[in-house]
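The chain contents come next:
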Amino acid sequence: MIAAFEDANPGSKIDATIFNYPEYLVDLQTRASSNTFPDIVGLQPGALTQQYRNNLLPLQDCAAEVWGDDWQDKFYPIGLEQARAGNPEGDDNFYSLPILVQSVNLWANSEIFEETGQKIPQTWDELASFVADTKGGDFAPFMLPAKDGWLRNVVFLQIANNIAPGLVYEAEAGTAKWTEPELVEALTYWQKLFTDGIAQDGALGLDSYPTGANQFEAGNAAIIPLGAWWIQQSDPTKDQSTIPPLSLGMEGYEPFLFPTIPGGSAEPQLVGGIDVSLGISKDTKNPDLACKVLTDWIAGAGAQKLVNTMNDLPAVQGMAPEEFTSDKQKEIWDLFVNDWMPKVKYSRYFNDPKLDQAVADNLAAIAAGQLTPEQGAEAIQKVQDAISAG
């Protein structure tokens with residue numbers, strides 16, 4: 001991406017520093033306090049963007065200058081909605097803009113389903129029946145990497161938004177309670193993944209990356225909850241001889257939405273949003289060049305280099321990799337960008353990091369049998385009350 005921009009803009013020079021996430025958070029804080037914020041910075045929507053809002057330029061003028069007054073029409077709606085998540089009331093600025101977006105969903109090993117003669121489950125009862133029918137074999141029917149708080153949260157949000165679409169965000173906003181019967185029911189169905197034996201034994205000790213992902217790619221699970229980013233396993237820019245057989249051209253996989261819950265919405269509800277967004281420091285010495293880089297990486301030559309790797313889905317509509325390595329890979333890509341992403345309505349994120357942690361912690365406690373769903377809901381509500389009280 002850097003080379004693409006520098007080649008097209010002779011004389012420009014971009015220095016990039018890349019961190020693992022925990023170290024990145026420390027570095028951002030250090031830079032913010034020492035007035036050495038980078039010209040361009042990668043951010044998550046909501047809490048992280050808001051933490052550094054005072055260090056960032058509003059980006060709507062940059063976007064309008066490059067793309068025109070109708071620039072918002074380029075983006076998937078959920079990306080723009082989340083870009084302003086957590087803004088103070090009356091503040092309509094965009095302090096970051098998405099570069100990549102995603103859905104969260106389930107993935108099936110299509111070879112296992114073909115070999116067993118089973119159908120990919122569309123309802124909770126079908127999921128339970130599939131697990132019961134195939135348990136005890138050479139693969140985990142439903143591999144749940146529940147060690148990771150983010151994974152616990154996105155699975156719960158898929159369940160909650162099927163039972164009562166949007167209610168969880170009303171609870172986050174303080175206009176509903178986490179103890180509402182529908183949210184307690186959602187916590188109960190989360191618990192049933194463990195008490196009913198749908199998730200594998202030891203699910204709370206399994207991480208998503210690298211262990212769960214490696215196990216799934218090796219063919220040791222029929223279903224895993226991840227998201228659109230899994231398509232990067234079939235990266236067309238890689239040496240194709242190095243890609244595991246299931247991932248080669250996405251031939252061994254099928255994405256599908258979380259099964260519907262009895263009594264909930266008749267259709268699965270799409271959950272997702274921004275993977276990463278970009279902001280510009282208000283102290284940058286060259287805001288015009290920073291704007292040029294940011295917009296290029298979102299929708300220009302730099303963005304094309306990124307999209308070619310299928311690292312995730314582009315934040316703007318109409319972009320596609322320059323090469324597909326199989327019809328199956330293109331079919332899955334088209335499903336994500338043309339069907340699912342325009343319909344993603346519900347966020348995979350909570351705006352406040354304290355609430356995000358509280359939900360993740362209580363989901364773990366409920367899964368472990370340390371709390372009932374009712375007790376978990378009450379504990380989350382206590383955190384919500386403290387946040388609302390300031």
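Residues numbered from 1 in each chain as written. Predicted model: local features only at pLDDT ≥ 70, side-chain atom pairs only at ≥ 80, totals over all residues. Heavy atoms only, no water.

**Looking at the side chain of Ser 326**
Rule in force here: A helix here means a DSSP run of H or I that spans at least four residues, while a strand means a run of E at least two residues long, and both kinds are numbered starting from the N terminus. Residues adjacent in sequence count toward polar contacts only when both atoms are side-chain atoms; beyond that, a polar contact is any pair of N or O atoms within 3.5 Å, and within protein one must be able to donate a hydrogen and the other to accept it. It only takes one pair of heavy atoms within 4.5 Å for two residues to be counted as in contact.
Position of Ser 326 among the secondary structure elements: in the loop between strand E7 (313-314) and helix H14 (327-340). A polar contact of 3.4 Å, which involves the side chain of Ser 326, links it to the backbone nitrogen of Lys 328. If near-sequence neighbours (up to four positions away) are discounted, Ser 326 is found in contact with Gly 249 and Glu 251.

**Comments concerning the packing of aromatic side chains**
Going by this rule: Each pair of aromatic rings taken from Phe, Tyr and Trp, with Trp reduced to its six-membered ring, is defined by centres within 6.5 Å and is described as stacked if the planes are under 30 degrees apart, edge-to-face if over 60, and tilted in the remaining cases. To sort residues, take the accessible area from a 1.4 Å probe on protein chains only and compare it with the maximum for the residue type: under 20% means buried, over 50% means exposed, and anything in between is partly exposed. Sitting over a ring, as applied to charges here, requires NZ of Lys or CZ of Arg to be within 6 Å of the ring centre and within 35 degrees of the ring normal.
Under the defined criterion, the tally for this structure stands at 18 aromatic pairs. Here the aromatic rings of Trp 71 and Phe 94 are separated by 5.2 Å at their centres, their planes lie at 75°, and the arrangement is edge-to-face. Of this pair, Trp 71 sits in the loop between helix H4 (60-67) and helix H5 (77-83) while Phe 94 is found in the loop between H5 and strand E2 (97-109), placing the two residues 23 residues apart along the sequence. Owing to a relative accessible area of 2%, Phe 94 belongs among the buried residues under this scheme. Judged by centre distance (4.9 Å) and plane angle (85°), the rings of Trp 124 and Tyr 189 are edge-to-face. Taken together, the positions of Trp 124 in helix H7 (residues 124-134) and Tyr 189 in helix H10 (residues 181-195) put the pair 65 residues apart, joining distant regions of the chain. Across the pair, Tyr 189 and Trp 124 agree in class, each one buried. Among the aromatic side chains, those forming a connected cluster through ring pairs are Trp 107, Phe 216, Trp 230, Tyr 253, Phe 336 and Trp 340. The side chain of Lys 192 reaches across the aromatic face of Tyr 189, ending 5.6 Å from its centre. Its end group placed over the ring of Phe 324, Lys 330 keeps NZ or CZ at 5.8 Å from the ring centre.

**Quick look at the pairing of E2**
Here is the rule we go by: Strand pairing requires that DSSP identify at least two bridges connecting the strands.
The element E2 is extensively covered by neighbouring structure, given that 13 of its 13 residues are classed as buried. In the sheet, E2 pairs with strand E6 (residues 271-280) via seven bridges, with the strands oriented antiparallel. For Pro 98, the partnering residue across the bridge sits in E6 and is Ser 277. As paired elements, E2 and E7 share two bridges and run antiparallel to each other. Note on E7: the bridge partner recorded for Val 101 is Leu 313. In terms of strand pairing, E2 meets strand E5 (residues 253-256) through four bridges, oriented antiparallel. Within the sheet, the bridge partner assigned to Leu 106 lies in E5 and is Phe 256.

**Re empty space enclosed by the protein**
Left-over empty space is what a probe sized like a water molecule reveals as it rolls over the atoms. For the record, the criterion: Method remark: on a 1 Å grid restricted to protein atoms, a set of points is classed as a cavity if a 1.4 Å probe fits but cannot get out and as a pocket if it is open with protein on both sides within 12 Å along at least five of seven lines; lining residues have an atom within 4 Å of a point. Grid points are joined across faces, edges and corners, and a volume is the space filled by probe spheres set on the points.
Scanning the model with the defined rule gives one cavity of 30 Å³ or more in all. Contributing to the lining of the largest cavity are Val 104, Gln 158, Asn 162, Leu 257, Phe 258, Pro 268, Gln 269 and Val 271.

**Thoughts on the pattern of salt bridges**
Condition: Within this document, salt bridges are pairs made up of a side-chain nitrogen of Lys or Arg and a carboxyl oxygen of Asp or Glu, the two lying within 4 Å of each other.
Applying the stated criterion across every chain yields a total of five salt bridges. A salt bridge links Glu 254 to Lys 328; the shortest N-O distance between them is 3.6 Å. One end of the pair, Glu 254, is in strand E5; the other, Lys 328, is in helix H14, and 74 residues separate them in sequence. With relative accessibility at 13%, the residue Lys 328 sits in the buried group.

**Observations concerning the packing of helix H15 (residues 353-367) against helix H16 (residues 373-389)**
Note the threshold: Interaxial angles span 0 to 180 degrees and are taken between N-to-C directions of axes, which are lines fitted to C-alpha atoms, for helices over the stretch in contact. Oblique is the label for every angle not falling under 35 degrees (roughly parallel), over 145 degrees (roughly antiparallel), or within 65 to 115 degrees (roughly perpendicular). For a crossing to be left-handed, the near helix must be turned anticlockwise from the far one by less than a right angle; the clockwise case is right-handed. Three classes are used, and their members are as follows: Ala, Val, Leu, Ile, Met, Phe, Trp, Tyr, Cys and Pro are nonpolar, Asp, Glu, Lys and Arg are charged, and the others, Gly among them, are polar.
Two elements in contact, H15 and H16, have axes separated by 9 Å at closest approach and are oriented at 165°. Judged by the angle between their axes, H15 and H16 are roughly antiparallel. Like other packed secondary-structure pairs, H15 and H16 cross with a definite hand, here right-handed. Where H15 abuts H16, its residues Lys 354, Leu 355, Ala 358, Val 359, Asn 362 and Ile 366 lie against Pro 373, Gly 376, Ala 379, Ile 380, Val 383, Gln 384 and Ile 387. Its residues assigned to classes, the contact of H15 with H16 comprises nine nonpolar, three polar and one charged.

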